[in-house]
Amino acid sequence: MTAVDACRAFLTRNRMAWQELDEGLGIAFNHRGFRFLLLDYKENDPQCFQLILPEIFQPRADQHDSVYRVMNARNEDRKYIKLYLDEFGSVNVECQMLLDPEPKLELFFFRLLESLLFEQEHFARHLRQTEEEQPA
């Protein structure tokens, strides 16, 4: 069983609707009004668990320095959750880890979702503070 297979079953047991992503890339589901992605590595790395809260912020060109400063500061302080800019220029929050072949998702899944949402809120707050401190 892959990490994504385990998550499909977990989401279904918890009555959370999910959809397959195009081209078998994984699944998407909603929690507290936010869309999450779980990527599927199938046979390449079946235990890889990559959960993403995508597109939490789309920076303007004049914000890139501030965005990188905040992301670097937050990433330095985090163990398993990271912020990054994707190829489209959006800020994403993700968690990557390896799961046991039979993971006990009920022990950590909802806490992980809340951790990603917390990081999104924290990023927004720190970005505002950083931009307020910059000279005009």
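It should be emphasised that the depicted structure is a prediction, and the values quoted were computed from it without experimental measurement. (Residues numbered from 1 in each chain as written. Predicted model: local features only at pLDDT ≥ 70, side-chain atom pairs only at ≥ 80, totals over all residues. Heavy atoms only, no water.)

1. A look at unusual backbone geometry
Line of reasoning, step 1. The phi torsion at arginine 15 lies on the positive side, around 55°, for a residue other than glycine.
Line of reasoning, step 2. Within the secondary structure, arginine 15 sits in the loop between α1 (3-13) and β1 (18-20).
Line of reasoning, step 3. A relative accessible area of 77% places arginine 15 in the exposed class.
Line of reasoning, step 4. The backbone of glutamate 23 shows a phi angle near 60°, a positive value even though the residue is not glycine. (Helix = DSSP H or I, 4+ residues; strand = E, 2+ residues; numbered from the N terminus. Buried < 20%, exposed > 50% of the residue type's maximum accessible area, 1.4 Å probe, protein only.)

2. Structural notes on the pairing of strand β4 (residues 48-57)
Line of reasoning, step 1. Counted residue by residue, β4 has 8 buried out of 10 residues, so it is predominantly covered.
Line of reasoning, step 2. As defined by bridge partners, strand β3 (residues 34-39) adjoins β4 across 3 bridges and the pair is classed as antiparallel. Paired with leucine 38 across the bridge in β4 is leucine 51.
Line of reasoning, step 3. The sheet contact formed by β4 and strand β6 (residues 91-98) spans 7 bridges and is antiparallel. Paired with leucine 51 across the two strands is cysteine 95, which belongs to β6. (Pairing = 2+ DSSP bridges.)

3. Side note on the side chain of histidine 122
Line of reasoning, step 1. Of note, histidine 122 is situated in helix α3 (residues 109-133).
Line of reasoning, step 2. Residue classification places histidine 122 among the buried positions, given a relative accessible area of 14%.
Line of reasoning, step 3. A distance of 3.0 Å separates a polar atom in the side chain of histidine 122 from a polar atom in the side chain of arginine 74. (Polar contact = N/O pair within 3.5 Å; in protein donor to acceptor, adjacent residues only side chain to side chain.)

4. Some points on the pattern of salt bridges
Line of reasoning, step 1. Here the structure, examined in full by the defined rule, presents 9 salt bridges.
Line of reasoning, step 2. Here arginine 8 ties to aspartate 40 by a salt bridge, and the two come within 3.9 Å at their closest N and O atoms. With arginine 8 in helix α1 and aspartate 40 in the loop between β3 and β4, this residue pair connects regions lying 32 residues apart in the sequence.
Line of reasoning, step 3. Judged by its relative accessible area of 15%, arginine 8 is buried.
Line of reasoning, step 4. On the accessibility criterion, aspartate 40 (14% relative accessible area) is buried.
Line of reasoning, step 5. The residue glutamate 119 makes a salt bridge to arginine 74 at a minimum N-O spacing of 2.7 Å. Highlighted residues: glutamate 119 in helix α3 and arginine 74 in helix α2 (residues 64-77), separated in sequence by 45 residues. Side by side, glutamate 119 and arginine 74 carry an identical accessibility label, which is buried.
Line of reasoning, step 6. Salt bridges here are not isolated pairs; linked through shared partners, they connect Asp5, Arg8, Glu20 and Asp40. (Salt bridge = Lys/Arg side-chain N within 4 Å of Asp/Glu carboxyl O.)

5. What to know about α3
Line of reasoning, step 1. If you check α3, its first and last C-alpha atoms are 36 Å apart, about what 25 residues at 1.5 Å a residue would give, namely 36 Å.
Line of reasoning, step 2. Listed as buried for α3 are Phe109, Leu112, Leu113, Ser115, Leu116, Leu117, Glu119, Gln120, His122, Phe123, Leu127 and Thr130. (Expected span 1.5 Å × (residues − 1).)

6. Here's the deal with the packing of aromatic side chains
Line of reasoning, step 1. Going through the model one piece at a time under the given rule, you end up with 8 aromatic pairs.
Line of reasoning, step 2. Considering the side-chain rings of phenylalanine 109 and phenylalanine 110, the 6.2 Å spacing of their centres and the 80° angle between planes classify their relative orientation as edge-to-face.
Line of reasoning, step 3. Residue classification places phenylalanine 109 among the buried residues on the basis of a relative accessible area of 0%.
Line of reasoning, step 4. Look at phenylalanine 110 and you get partly exposed, because its relative accessible area is 33%. (Phe/Tyr/Trp six-rings, centres within 6.5 Å; stacked < 30°, edge-to-face > 60°.)

Honestly, that's just the spatial picture; any functional story needs more than this.
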